[in-house]
Amino acid sequence: MQAGSPLTSPPTQAMTWRTPAVLLAAGAMILALSLGIRHGFGLFLQPMSAAYGWGREEFALAIAVQNLVWGVSQPLTGMLADRFGAGRTILVGALLYVIGLLAMAYAATPLQLSLSAGLLIGLGLSGTSFAVVFGAVSRAVPPEKRSMAMGVASAVGSFGQFAMVPGTLSLISLFGWSTALIALAMLGLFMAPLAAAFAGRRGEHEGPVEPILTSGEALREALAHRGFWLLSFGFFVCGFQVVFIGVHLPAYLFDRQLPLSVGTTVLALIGLFNIAGTYLAGLWGGRMAKPLLLSSIYALRAVAIALFVLLPISAWSAYAFGIVMGLLWLSTVPLTNGTVLTLFGVRNMSMLAGIVFLFHQIGAFFGGWLGGYIYDLTGSYDTVWQMAIGLSIVAALLNLPIREVPVARLRAMEAA
């Protein structure tokens with residue numbers, strides 16, 4: 001940090017421990033807790049539905065609401081983090097997340113479930129997930145290390161997904177679903193002190209000559225850019241696929257006469273191999289064209305899903321699917337956010353990434369809700385699997401025309 005810089009205040013003794021490495025570690029742990037807890041929500045579908053005599057649509061709708069609220073609130077949450085700091089945003093998000101988990105433990109009607117698992121946890125996720133953490137991390141490291149830093153943070157977050165799923169199943173098996181949610185709420189409290197690593201940081205690498213734009217100006221600039229729209233519509237597909245699979249895959253396998261432990265293992269494998277997938281995506285994203293990598297990921301997803309549903313279902317085919325999908329799972333996230341950074345700069349990163357993420361969450365809403373709705377209507381998930389394959393092909397095509405060329409104001413800054 002440069003003392004006397006017009007964009008930063010001189011470092012104080014209280015801030016000296018908040019190094020980029022500490023910030024990256026804290027952000028990664030926040031992602032591990034936030035995403036890890038969320039990754040196990042599909043395990044609550046059957047016990048909660050059985051306890052209250054619900055169909056699958058009621059639970060699926062609450063998770064769909066969660067994803068929609070998360071997406072709609074993410075641009076505003078990102079804007080607040082850009083303007084007032086990520087520390088406060090993460091703290092408020094963590095508290096809302098914990099309150100939502102506690103309320104979900106006592107939800108006895110579909111409305112109460114939608115308000116707790118849907119509204120409160122959705123708001124909590126918007127303050128404790130990718131857009132806010134990546135925005136702060138990106139401002140703390142040099143431009144050439146941003147893609148790698150986002151890959152590392154995503155990889156550690158993925159480890160949380162791997163570790164939390166079997167732990168969540170054990171809690172449900174030993175103590176019941178309600179007590180399991182209370183235990184997860186207590187674990188979620190650890191996100192609050194981790195937010196202290198972000199307090200008072202505005203970022204050493206925002207670039208003192210990068211033009212200052214208001215939120216409205218930055219938004220108009222992005223909405224006028226074709227690549228921004230293509231990236232957003234592609235991310236819609238990612239949201240549709242990951243939430244449909246995350247919420248409904250255990251039930252789908254159970255319907256195929258496989259024990260619930262197989263579905264749990266598959267979700268854990270997705271989290272485990274997602275570690276490698278997100279790390280490699282961050283690594284390669286700093287060396288190769290990120291839109292081309294995104295297009296390849298979506299194309300491979302189409303192949304993986306098609307093979308999974310067309311071939312005979314067994315425990316081993318399910319495990320193989322979990323491994324392949326894990327490699328492709330959140331590898332889109334550092335690449336998508338990295339492309340936003342390249343196109344528009346770092347200053348309004350959290351807000352713009354939040355808008356792209358809104359499209360992801362609209363897709364997540366439909367993936368989660370349609371899975372339950374179509375199953376209750378037809379008794380099968382086949383139609384939704386077919387939609388996931390077709391949308392994957394569309395996303396692969398949408399990302400091909402995107403070019404990683406910074407907008408005119410950034411090119412003029414670099415030429416000056």
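Residues numbered from 1 in each chain as written. Predicted model: local features only at pLDDT ≥ 70, side-chain atom pairs only at ≥ 80, totals over all residues. Heavy atoms only, no water.

Asks: Explain the overall build of the protein to me, using residue names and the numbers behind them.
Replies: Helix and strand content of the protein: 18 helices and 0 strands. The globule rule puts the C-alpha radius of gyration for 416 residues at 22 Å, and the 20 Å found for the protein is close to it. Across the 416 residues in the protein, those meeting the buried criterion constitute 57%. Put simply, of all contacts in the protein between residues at least 6 apart along the chain, 87% involve residues at least 24 apart. (Helix = DSSP H or I, 4+ residues; strand = E, 2+ residues; numbered from the N terminus. Rg over C-alpha atoms; globule rule 2.2 N^0.38 Å. Buried < 20%, exposed > 50% of the residue type's maximum accessible area, 1.4 Å probe, protein only. Contact = heavy atoms within 4.5 Å.)

Asks: Mind laying out the packing of aromatic side chains, listing which residues take part and the relevant values?
Replies: The geometry of an aromatic ring pair is captured by two quantities: the separation of the ring centres and the angle between the planes. Scanning all chains against the criterion turns up 20 aromatic pairs. Relative to W385, the ring of Y252 lies with its centre 5.3 Å away and its plane at 65°, an arrangement referred to as edge-to-face. Here Y252, found in helix α11 (residues 226-255), pairs with W385, found in helix α17 (residues 382-399); they are 133 residues apart in sequence, far enough to count as distant. For the pair formed by Y252 and W385, the shared burial category is buried. An aromatic cluster of three or more residues is present, and its members are F244, Y252, F308, F321, Y375, Y381 and W385. (Phe/Tyr/Trp six-rings, centres within 6.5 Å; stacked < 30°, edge-to-face > 60°.)

Asks: Before we move on, can you summarise the pattern of salt bridges with the specific residues and values?
Replies: Summed over the entire model, instances satisfying the criterion amount to 2 salt bridges. Across the salt bridge formed by D382 and R256, the nearest N and O atoms sit 4.0 Å from each other. Of this pair, D382 sits in helix α17 while R256 sits in the loop between α11 and α12 (260-285); the two residues are 126 residues apart in sequence, bridging distant segments of the chain. According to the relative accessible area criterion, D382 is partly exposed, its value standing at 40%. One salt bridge in this structure joins E404 and K290, with 2.8 Å as the shortest N-O distance. (Salt bridge = Lys/Arg side-chain N within 4 Å of Asp/Glu carboxyl O.)

Asks: Before we move on, could you go through the environment of I389 and cite the residues and values that matter?
Replies: By secondary structure assignment, the location of I389 is in helix α17. If we skip the residues at most four places from it in the chain, I389 touches A302, I305, A306 and V309.

Asks: Quick one: what's the story with a nonpolar patch on the surface, residue by residue and with numbers?
Replies: Taken together, the side chains of L91, L95, M186 and L189 present a nonpolar region at the surface, about 320 Å² in accessible area. Its place among the elements puts M186 in helix α8 (residues 177-188). The exposure class of M186 is partly exposed, given its relative accessible area of 42%. (Patch = residues over 30% accessible without salt bridge, like charges linked within 9 Å, V, L, I, M, F, W, Y side chains within 5 Å. Areas by Shrake-Rupley, 256 points an atom, 1.4 Å probe, with all protein chains shown as cover.)

Asks: Explain helix α6 (residues 130-140) to me, and be specific about the residues and the numbers.
Replies: Across the 11 residues that make up α6, a large majority, 11, are buried. Along α6, the residues classified as buried are F130, A131, V132, V133, F134, G135, A136, V137, S138, R139 and A140.

Asks: Tell me about the packing of helix α7 (residues 146-175) against α12, and name the residues and values.
Replies: At a closest axis distance of 7 Å, the pairing of α7 and α12 adopts a crossing angle of 170°. On the basis of their axis angle, the class for α7 and α12 is roughly antiparallel. Its residues assigned to classes, the contact of α7 with α12 comprises 16 nonpolar, 12 polar and no charged. (Axes fitted to C-alpha atoms, helices over the stretch in contact; angles between N-to-C directions. Parallel < 35°, antiparallel > 145°, perpendicular 65-115°, else oblique. Nonpolar A, V, L, I, M, F, W, Y, C, P; charged D, E, K, R; others polar.)

Asks: Mind laying out the side chain of S116, listing which residues take part and the relevant values?
Replies: Residue placement: S116 occurs in helix α5 (residues 110-128). For S116, a relative accessible area of 2% corresponds to the buried category. Side-chain polar atoms of S116 contact the backbone oxygen of Q112, separated by 2.8 Å. Once you skip the residues sitting within four places of it in the chain, S116 turns out to touch G100, A103, M104, A107 and I121. (Polar contact = N/O pair within 3.5 Å; in protein donor to acceptor, adjacent residues only side chain to side chain.)

Asks: I'd like a rundown of the environment of G27, residues and numbers included.
Replies: As for its position among the elements, G27 is in helix α1 (residues 20-39). Taking the relative accessible area as the measure of exposure, G27 reaches 1% and is therefore buried. Put simply, G27 and S126 are 99 residues apart on the chain and 14 Å apart in space, counted from C-alpha to C-alpha.

Asks: Could you give an account of the packing of helix α4 (residues 86-105) against α8, naming the residues involved and the relevant values?
Replies: At a closest axis distance of 8 Å, the pairing of α4 and α8 adopts a crossing angle of 170°. The angle between α4 and α8 places the two elements in the roughly antiparallel class. Here α4 contributes V98, L101, L102, M104 and A105 to the contact with α8, which in turn contributes W177, S178, L181, I182, L184, A185, M186 and G188. Its residues assigned to classes, the contact of α4 with α8 comprises 11 nonpolar, 2 polar and no charged.

Asks: Please set out helix α15 (residues 332-344) residue by residue, giving values where relevant.
Replies: If you check α15, its first and last C-alpha atoms are 18 Å apart, about what 13 residues at 1.5 Å a residue would give, namely 18 Å. Regarding α15, the residues found buried are T332, V333, P334, L335, T336, N337, G338, T339, V340, L341, L343 and F344. Phi turns positive one or two residues past the end of α15, at G345, with a value near 90°. (Expected span 1.5 Å × (residues − 1).)

Asks: Describe in detail the nonpolar core, supporting the description with residues and values.
Replies: With 126 residues, the main nonpolar core has F44 and W385 as its most contacted residues. Top contributing element to this core by residue count: α11, with 16 residues. Contacts of W385, omitting those with residues within four sequence positions, involve F244, I245, L249, Y252, I305, F308, V309 and F321. (Core = buried A, V, L, I, M, F, W, Y, C linked by side-chain atoms within 4.5 Å.)

Asks: Lay out the side chain of K290 with the relevant residues and their values.
Replies: Position of K290 among the secondary structure elements: in helix α13 (residues 290-310). On the basis of relative accessibility, which here comes to 8%, the residue K290 falls in the buried class. Side chain to side chain, K290 and E404 meet in a polar contact 2.8 Å long. Sequence-distant contacts of K290, that is, excluding residues within four places in its chain, are made with G285, L335, G338, T339, T342 and E404.

Asks: Go over the environment of Y373 with me, naming the residues and quoting the values.
Replies: Among the secondary structure elements, Y373 is positioned in helix α16 (residues 349-378). A C-alpha to C-alpha distance of 38 Å links Y373 and S147, two positions 226 residues apart in sequence.

Function cannot be read off these values alone, since they describe shape.
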